[in-house]
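For reference, the chains in residue letters:
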Amino acid sequence: MKKSWLFLFLAPSLSLLNACGGGGGTPPPPSAPRVTIAAASGSITQGQAVTLTWSSANATSCTASASPSESDWSGTHATSGSQSVTPASTGTINYTLMCSGAGGSGSGAVSVTVTPIHFSVNGPTFTPSGTSFNFTVTALDASNSTVTSYSGTLHFTSTDPHPQLPADSTLVSGSKVFSAKLTTAGSQTITATDKATPAITGSSNSINVGVLADAFPVEIFGAKGDGKTDDTAAIQNAINAAAGAGGGSVVFKVARYFTTGGFVVPAEVVLCGTIEGPFDVAGVNPAVTAIAPTLLVTNTSGPFLTLRGIGAGVADLLFHYPNQVKTSASAPIVYPYTIAQVSPGAKVVRSTVTNAYNFLDIEVGDTMDQDLFIGAFNIGVNIDHTASFMTLHNLHNDVFWDEVESASYPTAIDTWVLNHGTALVVGRMDSVEVQDFFVFSRFAGMLLTDSADTAQNPTCGYGKGSDINLETVQYGIIVTASNSPGFEFTNLQVAAAPGLGQAAVQLKAGGTIPPDVLINGGSVRGTWALGALPTPAAGHLTVVNMI
Amino acid sequence: MKTTLAIALFWILYASCGIPAEAVCAGTSVSAFGAKGDGQTDDTAAIQSAISAAAAAGGGSVVFNVARYFTTGSFVVPAAVVLCGAIEGPPDVDGVGDPALVAVAPTLLVTNTSVPFITLQGPGAAVTDLLFHYPKQVGVSASAPNVYPYTIVASSPGTKVVRSTASNAYNFLDIESGRVIAQDLFIGAFNIGVNIDHAHDHVTLRNLNHSVFWDTYLPGQPYPSPIDTWVQSHGIALVVNRADSLEVNDFKLFARFAGMLLTDSPDTTQNPRCGYGTVSDIDLDTVQYGIIATASNSPGYEFTNAVIGSGFGGQAAVQLKAGGSIAPDVLINGGSERGIWALGAFPAPAAGHMTVVNIIGFNLP
């Protein structure tokens, strides 16, 4: 219809031109080319093809162009024909054909409107690793209405390096439910993309792949774990999220999380690593190589972690101080305690510290600390304000800083530790239980004494220790005060630091309550300047079955 | 049905964490790499893929569900990679039936006969909460076991084996490095439970229980079976060669030829070839020899709270033999011995020094 109307319109105007040209006998000038072009449909959806059909008169060659440009509508074209085009752009596209001939040039154009499509990919917010779940893909237009006519083929990808994704597939009436498995813990997404038109795409919501309920991987909150980026804010956000959920595990992968701040761990929140600790560092520098879920500590203003609330805990983590001095230094840099336990029910288990100044400060009873490797220059564990029972089980105090640098014992810093370091300091403590306590190379294994806080009554403690091995020390155990019934040790082994040994067990004067110490079973080795078990300056020392 | 199983596994996975949750075994399930865990399909390749993926990620846990993973190969576990079960171990097999047929724990079925099944190579490499079973081992009515290599070799410092069980192994754990922890293990090995050598730094063994697990998974099986007789004249729970500062705590065994053999390493390139350490809370029940020592490095071995009971014509609770590179020095302070010993409970040492104090003999005829 349109074509014939156009023709009728052009015919009179041509005869008019003829009449005005008027030279008798002169041939009429060549007619200018005329072009007609049409699209099979003026409105399609993204990814669909449309057929353009064109014809021309008075033309010898034609050139195609589109605005915005389209790769499949350009260059030289025949003077008539048809071609299927698939628009890469969306919106209104003008397809133009310019033809030229002896009479000049002429052009024709047609516009096609392309409605954009995107995919919505809806999956669960959480899935256990390796467990299949369903997700829905829907083709939507700009106003988020389902495009039921969408007929493209989808391809799936994921941020998970080890996903199990569906094969390439079409949709049914613009939508379909698929099944997949994700395996890598952390925040992952699934992306659906049209195979032929990659511009048609869509990614899922964040799918938290975890293996435990109430797990808050710090990566989800933006932690990098690259050993350089300050992850303090991300870790704090993870702790806040766990606390906001009523408790949960803040999970650290095998990576190095550099921090500048400190953290308060509230009730029922546990900071934990993804592999079993405690971790040994033989020949490995944790600041450079990740062999464990590692927190790099640089804060100098307060304890790095404060466990405040019942159930607050630390498990399977490695704490390392990357800015601490090397083993060739004559004295360490002073840092606050790595961890302070200030609430009952808090615990620290299966963890390691290297290059700390002071490691663990227990300021309350009903706490538990177990399976720890402690490399602290000054004080390994300090106990005070503990008006109730507490347990230390399997603590290993050693010279981990030598291992970090693969340095031979003794280093310069070891000499400082031999003159200053104390593995365990006990102030006010009502019933401590210590089992499997190993010490290598310290000034003293244990100092049982009065608290500096004289507001307490009493200011000293009592308890039991068994299977204690204090190796290479100036003093095994120094006691200045104990509350009734005193301290009782079973299977106590004490060995003198060569040339430095003072006493295996010494009871000193000056405490608020003269100490009472019983040692039943064990052994003493090496040479002691004051004698292995010198006569107490105060209190009572009973030693039986000691060899 | 499948959904029900998935939900069940889901909850089993969750059951491993109480409140507060501790995400120790948080990682990628071997099922995500195609492991079937059906007790028949060879899952070796799938497990290897999971280990490789964890290693490529810089470390992490490879998680085994409560299922039976049949294997024909062996695995090297690199630094910071942990093979772990989805539920807390160590699993016991008492009366539950054959672990090759019934999944009571995350179970690895081991059939490889040429090399150690697992080699822990690199700091942080570990095994936790798994059950290792040898489905092709002989039945308890056989007169001698099939020989297999060690189930696990710990060849690097910083490695550990915890909360796991072996049943029907020939030799279980070979510790070939210092700074290794073995803790909370149930060990059913016919020949050697734990072997230690080339340990130039401390090694810690805590809470190890050696028993006749092969009898106990068969309901109603009376003790002793014929295979028990072989173990009574061959099996040793702990063999120590070179070990500088061994620490053993809570070590229990039932029915072995010897509880501990403290001796020289066959590797004569070491100097010294023998070890020293402290041992406490050990219960060596029903043995021909409790402890045999042929050599020790200074300051020797010290035992506290050693309880030793004779069986099968008990020979000696503790015997120091001649022939070692350094004459052994053994101190026993506290404990008890019972039963009848052909050589006497503490025969005069053929070499070295033995000091025994605070030991009580009871139940003597």
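Keep in mind it's a predicted model, so treat the numbers as computed, not measured.

## So, the overall build of chain A
Then, in step 1: The secondary structure content of chain A amounts to four helices and 39 strands.
Then, in step 2: A compact globule built from 547 residues should have a C-alpha radius of gyration of about 24 Å, whereas chain A, at 40 Å, is more than 25% larger.
Then, in step 3: Dimensions along the principal axes, computed over C-alpha positions, put chain A at roughly 145 × 45 × 40 Å.
Then, in step 4: Put simply, chain A has 547 residues, and 52% of those count as buried.

## What to know about the overall build of chain B
Then, in step 1: Within chain B, the secondary structure is distributed over four helices and 21 strands.
Then, in step 2: Over its C-alpha trace chain B gives a radius of gyration of 21 Å, about what one expects of a compact globule, namely 21 Å for 365 residues.
Then, in step 3: The principal-axis extent of the C-alpha atoms belonging to chain B is close to 65 × 45 × 40 Å.
Then, in step 4: For chain B, the proportion of its 365 residues judged to be buried stands at 62%.
Then, in step 5: Pairs at least 24 residues apart make up 69% of the contacts formed inside chain B by residues separated by at least 6 positions.

## A look at the nonpolar core
In globular proteins that are soluble, nonpolar side chains generally tend to be buried together.
Then, in step 1: Among the nonpolar cores identified, the biggest contains 231 residues, and A:Val218, A:Ile339, B:Val30, B:Ile152 and B:Ala182 are the most heavily contacted of them.
Then, in step 2: The dominant element in this core, judged by the number of residues it contributes, is strand E34 (residues 429-448) of chain A, at twelve residues.
Then, in step 3: Dropping the residues within four chain positions of it, B:Ala182 is found in contact with B:Lys160, B:Val161, B:Leu173, B:Ile175, B:Val194, B:Leu205 and B:Leu208.
Then, in step 4: Among the nonpolar cores identified, the runner-up in size contains 19 residues, and A:Val121, A:Val137, A:Val147 and A:Ile200 belong to it.

## A closer look at the interface of chain B and chain A
Then, in step 1: Residue-level contacts link 49 residues of chain B with 53 residues of chain A.
Then, in step 2: In terms of residue count, helix H1 (residues 2-15) of chain B provides more of the side of chain B that touches chain A than any other element does, four residues in total.
Then, in step 3: Partitioning the side of chain B that touches chain A into residue classes produces 25 nonpolar, 19 polar and five charged.

## Some details on the sheet that holds strand E11 (residues 133-140) of chain A
Residues and elements named next belong to chain A.
Then, in step 1: Reading across from one edge, E9-E11-E14 is the order of the three strands in this open sheet, with antiparallel pairing throughout. Bordering the open sheet on either side are strand E9 (118-122) and strand E14 (175-180), each of which pairs with just one other strand. Direction aside, neighbouring strands of the sheet carry axes that sit 25° apart on average.
Then, in step 2: Pairing of E11 with E14 involves six bridges; the strand directions are antiparallel. From the neighbouring strand, phenylalanine 135 faces E14, where its bridge partner is phenylalanine 178.

## Considering unusual backbone geometry
Then, in step 1: Here A:Tyr409 and A:Pro410 are connected by a cis peptide whose omega angle stands at -5°.
Then, in step 2: Its location among the elements puts A:Pro410 in the loop between helix H3 (400-405) and helix H4 (412-420).
Then, in step 3: Between B:Gly89 and the following residue, B:Pro90, the backbone shows a cis peptide bond with an omega angle of 5°.
Then, in step 4: Positionally, B:Pro90 belongs in the loop between strand E6 (81-85) and strand E7 (107-109).
Then, in step 5: Positive phi outside glycine occurs at A:Asp366, with the angle close to 55°.

## Some details on the sheet that holds strand E7 (residues 91-101) of chain A
Residue and element names in this part refer to chain A.
Then, in step 1: The mixed open sheet is built from five strands, whose spatial order is E2-E8-E7-E4-E5. Both edges of this open sheet fall to strand E2 (43-45) and strand E5 (75-77), since each of them pairs with a single strand only. Sheet twist, expressed as the average angle between the axes of neighbouring strands with direction ignored, equals 35°.

## As for the domain arrangement of chain A
All names here are of chain A.
Then, in step 1: For chain A, the domain assignment lists domain 1 (2-6 + 31-115) and domain 2 (118-210).
Then, in step 2: Spacing between the C-alpha centres of domain 1 and domain 2 amounts to 37 Å.
Then, in step 3: With four residues of domain 1 at the interface, the matching set in domain 2 holds ten residues.
Then, in step 4: Looking at the side of domain 1 that touches domain 2 residue by residue, the class counts come to no nonpolar, four polar and no charged.

## A look at the environment of B:Pro349
Residue and element names in this part refer to chain B.
Then, in step 1: Within the element layout of this structure, proline 349 appears in the loop between strand E20 (329-338) and strand E21 (353-362).
Then, in step 2: By C-beta crowding, proline 349 is classed as partly exposed, having 18 other C-beta atoms within 10 Å.
Then, in step 3: Spatially, the C-alpha atoms of proline 349 and asparagine 241 are 19 Å apart, while their sequence positions differ by 108 residues.
Then, in step 4: Among all residues touching proline 349, those that are not within four sequence positions of it are Leu320 and Met354.

## Points about helix H2 (residues 44-56) of chain B
Residue and element names in this part refer to chain B.
Then, in step 1: In this model, H2 (13 residues) spans 18 Å end to end at C-alpha, consistent with the 18 Å of a helix rising 1.5 Å per residue.
Then, in step 2: Of the residues making up H2, those classed as buried are Ala46, Ile47, Ala50, Ile51, Ala53 and Ala54. For H2, the arc enclosing every buried residue in end-on projection is 160°, short of the 170-degree limit, so these residues lie on one face.
Then, in step 3: Against strand E1 (27-29), strand E3 (60-64), strand E4 (68-70), strand E5 (75-77) and E6 lie the buried residues of H2.

## Details of the environment of B:Gly39
Residues and elements named next belong to chain B.
Then, in step 1: In this structure, glycine 39 sits in strand E2 (residues 38-42).
Then, in step 2: Judged by the 18 C-beta atoms lying within 10 Å of it, glycine 39 falls in the partly exposed class.
Then, in step 3: A sequence separation of 60 residues divides glycine 39 from proline 99, and the C-alpha atoms of the two residues are 9.6 Å apart.
Then, in step 4: The residues touching glycine 39, leaving out its near neighbours within four places in the chain, are Arg68, Phe70, Ala100 and Leu109.

## Quick word on H4(A)
Residue and element names in this part refer to chain A.
Then, in step 1: Those residues of H4 not exposed but buried are Ile413, Asp414 and Val417. For H4, the buried positions fall inside an angular range of 105° around the axis, keeping them on one side.
Then, in step 2: Next to the buried residues of H4 lie strand E31 (367-383), H3 and E34.

## Observations concerning the pairing of E7(A)
Residues and elements named next belong to chain A.
Then, in step 1: Pairing analysis gives seven bridges linking strand E4 (residues 61-67) to E7, with the strands arranged antiparallel. Residue serine 67 lies in a different strand from E7, and its bridge partner there is asparagine 94.
Then, in step 2: Across eleven bridges, E7 lies against strand E8 (residues 104-115) in antiparallel orientation. Looking across to E8, one finds that serine 100 is bridged to serine 105.
Then, in step 3: Two successive antiparallel strands, E7 and E8, enclose a turn made up of two residues.

## Thoughts on the pairing of strand E30 (residues 347-362) of chain A
Residue and element names in this part refer to chain A.
Then, in step 1: Here E30 lies mainly inside the structure; 15 of its 16 residues are buried.
Then, in step 2: One ladder, built from three bridges, connects strand E27 (residues 313-315) with E30; its direction is parallel. Bridge pairing links glycine 313 to lysine 347 in E30.
Then, in step 3: Here strand E28 (residues 318-320) pairs with E30 via three bridges, running parallel. Opposite histidine 320, over in E30, you have threonine 354 as the bridge partner.
Then, in step 4: As paired elements, E30 and E31 share eleven bridges and run parallel to each other.

## A short note on the environment of A:Gly273
Residue and element names in this part refer to chain A.
Then, in step 1: Looking at where glycine 273 falls in the secondary structure, it is placed in strand E24 (residues 269-273).
Then, in step 2: The exposure class of glycine 273 is buried, given the 33 C-beta atoms found within 10 Å.
Then, in step 3: Spatially, the C-alpha atom of glycine 273 lies 8.8 Å from that of valine 314, the residues being 41 residues apart in sequence.
Then, in step 4: When residues no more than four places from it in sequence are discounted, the contact partners of glycine 273 are Phe252, Ala292, Pro293, Asp316 and Leu317.

## Notes on the confidence of the model for chain B
All names here are of chain B.
Then, in step 1: Model confidence for chain B is summarised by a mean pLDDT of 90, while 92% of its residues fall at 70 or above.
Then, in step 2: Residue range residues 1-23 is modelled with pLDDT below 50. Its contacts to residues more than four positions away, or to other chains, number 48 contacts.
Then, in step 3: Interface scoring of the predicted complex returns ipTM 0.87; its pTM is 0.77.

## Concerning the confidence of the model for chain A
Then, in step 1: When pLDDT is averaged along chain A, the result is 91, and 94% of the positions lie at 70 or above.
Then, in step 2: Throughout residues 1-23 of chain A the model reports pLDDT below 50, and contacts reaching past four residues in sequence, or to other chains, amount to five contacts.

What counts, and where the lines are drawn
Residues numbered from 1 in each chain as written. Chains lettered and ligands numbered in written order. Predicted model: local features only at pLDDT ≥ 70, side-chain atom pairs only at ≥ 80, totals over all residues. Helix = DSSP H or I, 4+ residues; strand = E, 2+ residues; numbered from the N terminus. Rg over C-alpha atoms; globule rule 2.2 N^0.38 Å. Buried ≥ 20, exposed ≤ 12 C-beta atoms within 10 Å, placed from the backbone. Contact = placed C-beta atoms within 7 Å. Core = buried A, V, L, I, M, F, W, Y, C linked by C-beta atoms within 7 Å. Nonpolar A, V, L, I, M, F, W, Y, C, P; charged D, E, K, R; others polar. Pairing = 2+ DSSP bridges. Axes fitted to C-alpha atoms, helices over the stretch in contact; angles between N-to-C directions. Domains from an automatic or database assignment. Expected span 1.5 Å × (residues − 1). Arc of directions from axis to C-beta. pLDDT = per-residue confidence, 0-100.

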